[in-house]
Amino acid sequence: MYQESEIVDLVMAVFLTPILFVVFRTVYLAGRRWFVSGYLAVIAGYVFTVVEGYFAPDLFNTLEHVSYAVGGVCFAVGAWSVLTSARRRSAS
């Protein structure tokens, strides 16, 4: 069964995602695609968390944790891209 906090996380993400993408389109950031991919992976984890309360709990629990891991890797690569971009700019 799901918890109320999981529903709140999902609803908040659904309402904030369009705002985030409108703002994010105007900002230049090295590795921006990695951050977007990480965010979408976390959102997928939120969806899998809620779905596991209704259907195939073992499968969706595994998918939830895999999507969080993928999101973490994407955020780490994005942070690395920002770091290397900043080092290149400061060196020149």
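Residues numbered from 1 in each chain as written. Predicted model: local features only at pLDDT ≥ 70, side-chain atom pairs only at ≥ 80, totals over all residues. Heavy atoms only, no water.

Caption draft 1: View of the overall build of the chain. Within the chain, the regular secondary structure consists of three helices and zero strands. Reported as C-alpha extents along the three principal axes, the dimensions of the chain are approximately 55 × 25 × 15 Å. In the chain, which comprises 92 residues, the proportion classed as buried is 24%. Relative to all contacts within the chain whose residues are 6 or more apart in sequence, the contacts with residues 24 or more apart total 61%. Accessible surface for the chain amounts to roughly 6500 Å². Of this, 70% is attributable to carbon and sulfur atoms. Seen as two clouds, the 6 positive and the 6 negative side-chain charges of the chain have centres 33 Å apart. (Helix = DSSP H or I, 4+ residues; strand = E, 2+ residues; numbered from the N terminus. Buried < 20%, exposed > 50% of the residue type's maximum accessible area, 1.4 Å probe, protein only. Contact = heavy atoms within 4.5 Å. Areas by Shrake-Rupley, 256 points an atom, 1.4 Å probe, with all protein chains shown as cover. Lys, Arg positive; Asp, Glu negative; His and termini not counted. Charge placed at Lys NZ, Arg CZ, Asp CG, Glu CD.)

Caption draft 2: Focus on the packing of aromatic side chains. In the structure shown here, the tally under the stated rule is five aromatic pairs. With a centroid separation of 6.4 Å and 80° between ring planes, the pair formed by Phe21 and Tyr39 is classed as edge-to-face. In this pair, Phe21 is assigned in helix H1 (residues 4-24) and Tyr39 in helix H2 (residues 32-51), connecting sequence segments 18 residues apart. Arranged with centres 6.4 Å apart and planes meeting at 70°, the rings of Tyr46 and Tyr68 form a pair that is edge-to-face. Of the two residues, Tyr46 is situated in helix H2 and Tyr68 in helix H3 (residues 57-91); the sequence distance between them amounts to 22 residues. (Phe/Tyr/Trp six-rings, centres within 6.5 Å; stacked < 30°, edge-to-face > 60°.)

Caption draft 3: Layout of H1. Over its 21 residues, H1 extends 29 Å from the first C-alpha to the last, a length consistent with the 30 Å expected when each residue adds 1.5 Å. Where H1 bends most, the angle comes to about 35°, and this point is Leu16, followed within four residues by the proline Pro18. Taken residue by residue, H1 has Leu10, Ala13, Thr17 and Phe24 as its buried positions. Packed against the buried residues of H1 are H2. (Expected span 1.5 Å × (residues − 1). Bend = angle between axes of the 7 residues up to and from the residue.)

Caption draft 4: Geometry of H2. The end-to-end C-alpha distance of H2 is 29 Å, a good match for the 28 Å that 20 residues give at a rise of 1.5 Å each. Of the positions making up H2, those classed as buried are Gly38, Tyr39, Ala41, Val42, Ile43, Gly45, Thr49 and Val50. The inward-facing, buried residues of H2 contact H1 and H3.

Caption draft 5: The packing of H1 against H2, seen in detail. Across the interface, H1 lies against H2 with an axial gap of 9 Å and an inter-helix angle of 160°. Comparing their axes, H2 and H1 come out roughly antiparallel. Note that H1 runs across H2; the crossing there is left-handed. Seen from H1, the contacting residues are Glu6, Ile7, Asp9, Leu10, Ala13, Leu16, Thr17, Leu20, Phe21 and Phe24; seen from H2, they are Arg32, Phe35, Val36, Tyr39, Leu40, Ile43, Tyr46, Val47, Thr49 and Val50. Here the residues of the contact of H1 with H2 sort into 15 nonpolar, two polar and three charged. (Axes fitted to C-alpha atoms, helices over the stretch in contact; angles between N-to-C directions. Parallel < 35°, antiparallel > 145°, perpendicular 65-115°, else oblique. Left-handed = near helix turned anticlockwise from the far one by under 90°. Nonpolar A, V, L, I, M, F, W, Y, C, P; charged D, E, K, R; others polar.)

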